[in-house]
Amino acid sequence: MDSSDIVSEAEEILFSPLTIGGYYVSGIVYFLLPAAAFLIMRRYGAARLYPVITGAIVYFLSTGLCDMSVMLLLASAPYERKAAAAVELVGFFEETARWLAMKYPITDIKKPNAAICYGIGHGGLECWIRGIQKFQVAGYGQKLRNEGIEAFISGKSAEKASEITERLRGFADNGFFMSLLDSVHSAAAFGVHIALSLLIFRKVIKGDMQKRWLVLAIVLHVGLNETAGIAQFLGGVLASDIAGIIFCVFIIALVYKKTDGRQVINDIVYPIERI
């Protein structure tokens, strides 16, 4: 396929103002989620900034270590295979790091409210990274509308230009409704980070100390990623978001039951003594 064919196909790609607006809405939701969660905790005097910072740092280090490990183990593999391997392994790295972060006194995670704040930082950095990506896609849409496909593929090889065109087509096909659904998915996934933080704190750090709870956290995290990935392969982005939301709700409900979530909420809303 030569450049003229690519340009001809790209002319069919349309980012409507509503589609672009949807990406902005989704990006704003990603940015507001951790801030709103922290403010809610602060309202009840349960917010702890240090665990939030710890959670963000640990997320950055654990995902970076995961990516580095995949690059070393699969150095000669195609990018797609490396990306798939990183998605499969990241749950192990994140949950192990979550446990190690809470295990040592230096993080000052001594009570459930601090564990929740850790989850806000851990999931919050992920939200902000994805929020930036949503704003970038919205920018791509505006650039395509204003400058055309040549602004993206000028000077690129035919193979690279075709790859860029397909990515833009995929972005453009996700309309406003998909952005709203993605926002719901992001809120549910953020809740999972808080839930898994609470699970490890209550059951591994302060509970029976059995590592089976850490294994459960890893299995739930990996299972969530696998479910969303398989659903996307079989049914596209819509199926992935729906499957992801359902699995997230399942994880949150399970952790709520296993950690006596009602008591945790009551202790935050009606504190008797808090360090």
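Remember, it's a predicted structure, so these values are computed and weren't measured experimentally.

Parameters at a glance
- Along every chain, residues carry numbers that run from 1 in the direction the sequence is written.
- pLDDT decides what is reported in this predicted model: residues at 70 or higher carry local features, side-chain atom pairs at 80 or more are listed and counted, and totals for whole chains, interfaces and linings draw on all residues regardless.
- The basis for every side-chain value is the complete set of heavy atoms in the structure, and neither hydrogens nor water enter the calculation.
- Summary of the burial criterion: residues with accessible area below 20% of their type's maximum are buried, those above 50% are exposed, and those between are partly exposed, where the area comes from a 1.4 Å probe applied to protein chains only.
- Secondary structure is summarised from DSSP: a helix means a run of H or I of at least four residues, a strand means a run of E of at least two, and numbering begins at the N terminus for each.
- Regarding the arc, it is the one traced by the directions from the helix axis to the C-beta atoms.
- Cavities and pockets are defined on a 1 Å grid built over the protein atoms alone: a cavity is a set of grid points where a 1.4 Å probe fits but cannot escape, while a pocket is an open set with protein on both sides within 12 Å along at least five of seven lines, and lining residues are those with an atom within 4 Å of any such point.
- Grid points are joined across faces, edges and corners, and a volume is the space filled by probe spheres set on the points.
- Amino acids are sorted into nonpolar (Ala, Val, Leu, Ile, Met, Phe, Trp, Tyr, Cys and Pro), charged (Asp, Glu, Lys and Arg) and polar (every other residue, Gly among them).
- Salt-bridge detection follows one rule: a side-chain nitrogen of Lys or Arg within 4 Å of a carboxyl oxygen of Asp or Glu.
- Structural elements are reduced to axes, namely lines fitted to C-alpha atoms, with helices fitted over the stretch in contact, and the angle between N-to-C directions of any two is expressed from 0 to 180 degrees.
- Convention used here: angles under 35 degrees read as roughly parallel, angles over 145 as roughly antiparallel, angles from 65 to 115 as roughly perpendicular, and any remaining angle as oblique.
- Helix crossings fall into two classes, left-handed where the near helix is turned counterclockwise from the far one by less than a right angle and right-handed where it is turned clockwise.
- Contacts between residues were defined by any pair of non-hydrogen atoms, one from each residue, lying within 4.5 Å.

Here's the deal with helix α10 (residues 261-269)
- For α10, the full list of buried residues reads G261, V264 and I268. Seen along its axis, α10 keeps its buried residues to an arc of 60°; they face one direction.

Remarks on the layout of surface pockets
- For the second largest pocket, the calculated volume is near 500 Å³.
- In terms of lining residues, the second largest pocket is bounded by 20 residues, among which M41, I116, I194, I265 and I268 are the most central.
- When residues of the lining of the second largest pocket are traced back to their parent elements, those giving at least two are α2 (17-43), α5 (112-147), α8 (176-205), α9 (212-258) and α10.
- A per-class count over the lining of the second largest pocket returns 17 nonpolar, three polar and no charged.

Considering the pattern of salt bridges
- Overall, the coordinates contain six salt bridges when judged by the stated rule.
- Residue R98 pairs with E95 through a salt bridge whose shortest N-O separation is 2.8 Å. Taken as a pair, R98 and E95 lie in helix α4 (residues 79-103) at a separation of three residues, close to a single helical turn.
- According to the relative accessible area criterion, R98 is buried, its value standing at 0%.

Structural notes on unusual backbone geometry
- Even without being glycine, D108 reaches a positive phi, approximately 60°.
- Topologically, D108 is positioned in the loop between α4 and α5.
- One non-glycine residue, D260, lies in positive phi territory at about 55°.
- With relative accessibility at 41%, the residue D260 sits in the partly exposed group.

Details of the packing of α2 against α8
- Put simply, α2 and α8 touch, their axes get as near as 8 Å, and they point 15° apart. One finds that α2 runs roughly parallel with respect to α8. Between α2 and α8 lies a crossing of right-handed hand. Along the contact surface, α2 presents L18, T19, G21, G22, Y23, V25, S26, V29, Y30, L33, P34 and A37, while α8 presents F176, S179, L180, D182, S183, S186, A187 and F190.
- Split into classes, the residues belonging to the contact of α2 with α8 amount to 12 nonpolar, seven polar and one charged.

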